[in-house]
Protein chains: 2
Amino acid sequence: MTRTALTRDDVLDAAAALVRQLGPQALTMRKLAAELGTAVTSIYWHVGNRESLLDALVERTVHEMGAIRPAGRTPAQRIVSVARRLHRELRERPHLIAMVHERGLTDRMFLPAQQALVHEVHAAGLRGARAAEVVRSVQYQVVGFVLVERNRDRAPVQSPARGELWDSRTAEHDPALARALSRPADPEKLFETSVRALVSALLEPPARTREADPN
Amino acid sequence: MTRTALTRDDVLDAAAALVRQLGPQALTMRKLAAELGTAVTSIYWHVGNRESLLDALVERTVHEMGAIRPAGRTPAQRIVSVARRLHRELRERPHLIAMVHERGLTDRMFLPAQQALVHEVHAAGLRGARAAEVVRSVQYQVVGFVLVERNRDRAPVQSPARGELWDSRTAEHDPALARALSRPADPEKLFETSVRALVSALLEPPARTREADPN
DNA sequence: ACCTGAACACCGTTCAAGT
DNA sequence: ACCTGAACACCGTTCAAGT
């Protein structure tokens, strides 16, 4: 069972597996070394230190995010399809995505998808700063959802123990709503609804609700 | 300068200040003790351990989030006003909010706001599961934005050094868009645009883009 | 070029001991 | 009831030393 010489890639692979399952805080240099069957200090020779090891994982993740082909007939459908694909890609490695984001590389990671989005937004007739705003809004929506969901499933028991919160006044007028809100959300469905709503409204000509507000 | 006896609240105050400015990872029991001028072990007597100290901070944050009065004429305006107020409240303590979220207490924290939102969504004519979906969608949008922004400003230099990314093809057809995308986003404006779009579309009668999709 | 153990500074936490 | 220092197990990291 003696392995061939330890490789930088061996280290990255083992580290990535750890981070992907348990998050970055679970990655300790000493456990990593144990897993690889070497001395802790060998790792330092290959990757520098813990911080640049994480940097390398992030770099990898950014490169793994490839282009995404839009699907659908209308620009709205095609934009939603890109968002949905992004969302699914990111959901599979939420910890790595959070690390990418922490390091300010989100824009770089989104570049290929961003170009696809720009194309579709153009097809929908938008230009300039307005088009950029739409692209960014979709991007924020996707990343925001992934970050929300990442933390969601780190917290095993959602706190307002079922029903407890909503059996007072609301339950009487609208029991279906009370029931829905006391159940855990279906993130996939919620994302779908939200991104469809967002995109369809963003592609419409002008803002409607424009007036001075006191907040 | 000798202080009166150390209080549990003293500990929480000092800890909250640390977390609020520098994030939870900056809170070490030993630094906290140093700041308070006591032995590390005194802190343990007052708060148990680090984990329950953080729990207490979260508990506090949840209680600090009070009700929010909607403002505006139409339901859409009033929902947006609640979202905007939530967004601003949360933005002032992004680390604490992230901790609340990690511990699965987001729903509990949002409870007062959620009741206001339910009221407005009812006023807009929605009921049952559909109404719950709208409330949750807005809530996800707000929390998502805060989490995105929290990480944004932890990462000082946004990576795609200005312009570098967009001076190729796109810059020629649509230089205004290229310029906009190479500048850092204005989060407040982006939130406003996104939440208005989301709400206005969610309040409209049916979903429009409904058809089988291949993704 | 690659790997090692010893050593350092820093954690969180426990515990017996003080007042 | 409150506070203390010593001690333990665990970190990341450096370095001189091996092959």
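As shown above, the structure is provided for reference.
Now for a description of the structure that goes with this document. On a predicted model such as this, the values are computed, not experimentally measured, just so you know.

Conventions adopted
Residues numbered from 1 in each chain as written. Chains lettered and ligands numbered in written order. Predicted model: local features only at pLDDT ≥ 70, side-chain atom pairs only at ≥ 80, totals over all residues. Heavy atoms only, no water. Axes fitted to C-alpha atoms, helices over the stretch in contact; angles between N-to-C directions. Helix = DSSP H or I, 4+ residues; strand = E, 2+ residues; numbered from the N terminus. Parallel < 35°, antiparallel > 145°, perpendicular 65-115°, else oblique. Contact = heavy atoms within 4.5 Å. Nonpolar A, V, L, I, M, F, W, Y, C, P; charged D, E, K, R; others polar. Near = heavy atom within 4 Å. Polar contact = N/O pair within 3.5 Å; in protein donor to acceptor, adjacent residues only side chain to side chain. Salt bridge = Lys/Arg side-chain N within 4 Å of Asp/Glu carboxyl O.

Overview of the packing of helix α2 (residues 29–36) of chain B against helix α3 (residues 40–47) of chain B
All names here are of chain B.
- Put simply, α2 and α3 touch, their axes get as near as 8 Å, and they point 100° apart. The angle between α2 and α3 falls in the class roughly perpendicular. Taken together, the residues of α3 that come into contact with α2 (itself represented by M29, R30, L32, A33 and L36) are V40, I43 and Y44.
- For the contact of α2 with α3, the residue count by class is 7 nonpolar, no polar and 1 charged.

Here's the deal with the protein's contact with DNA strand C
- The immediate surroundings of DNA strand C are formed by 17 residues, with T41, S42, W45 and H46 of chain A together with R30 of chain B found nearest.
- Backbone atoms, meaning sugar plus phosphate, form 51% of the atoms of DNA strand C positioned within 4 Å of the protein.
- Interatomic distance of 2.8 Å between a backbone N/O atom of A39 of chain A and a phosphate oxygen of DNA strand C.
- Between DNA strand C and Y44 of chain B, the relevant distance is 3.1 Å, taken from a phosphate oxygen to a side-chain nitrogen or oxygen of the residue.
- Mapped onto the surface near DNA strand C, the elements with two or more residues apiece are α3 (40–47) of chain A together with α2 and α3 of chain B.
- For the surface near DNA strand C, the element with the highest residue contribution is α3 of chain A, accounting for 4 residues.

Overview of the pattern of salt bridges
- In the structure shown here, the tally under the stated rule is 28 salt bridges over all chains.
- Between D9 of chain A and R60 of chain A there is a salt bridge, and its shortest N-O distance comes to 4.0 Å. Highlighted residues: D9 of chain A in helix α1 (residues 8–22) and R60 of chain A in helix α4 (residues 50–64), separated in sequence by 51 residues.
- Between R103 of chain B and E51 of chain B there is a salt bridge, with the nearest N and O atoms lying 3.0 Å from each other. With R103 of chain B in the loop between α6 (94–102) and α7 (106–123) and E51 of chain B in helix α4 (residues 50–64), this pair connects stretches of sequence that are 52 residues apart.
- Salt bridges here are not isolated pairs; linked through shared partners, they connect R88, R91, E149 and E188 of chain A.

Without other data, these values stay purely geometric and don't point to any function.
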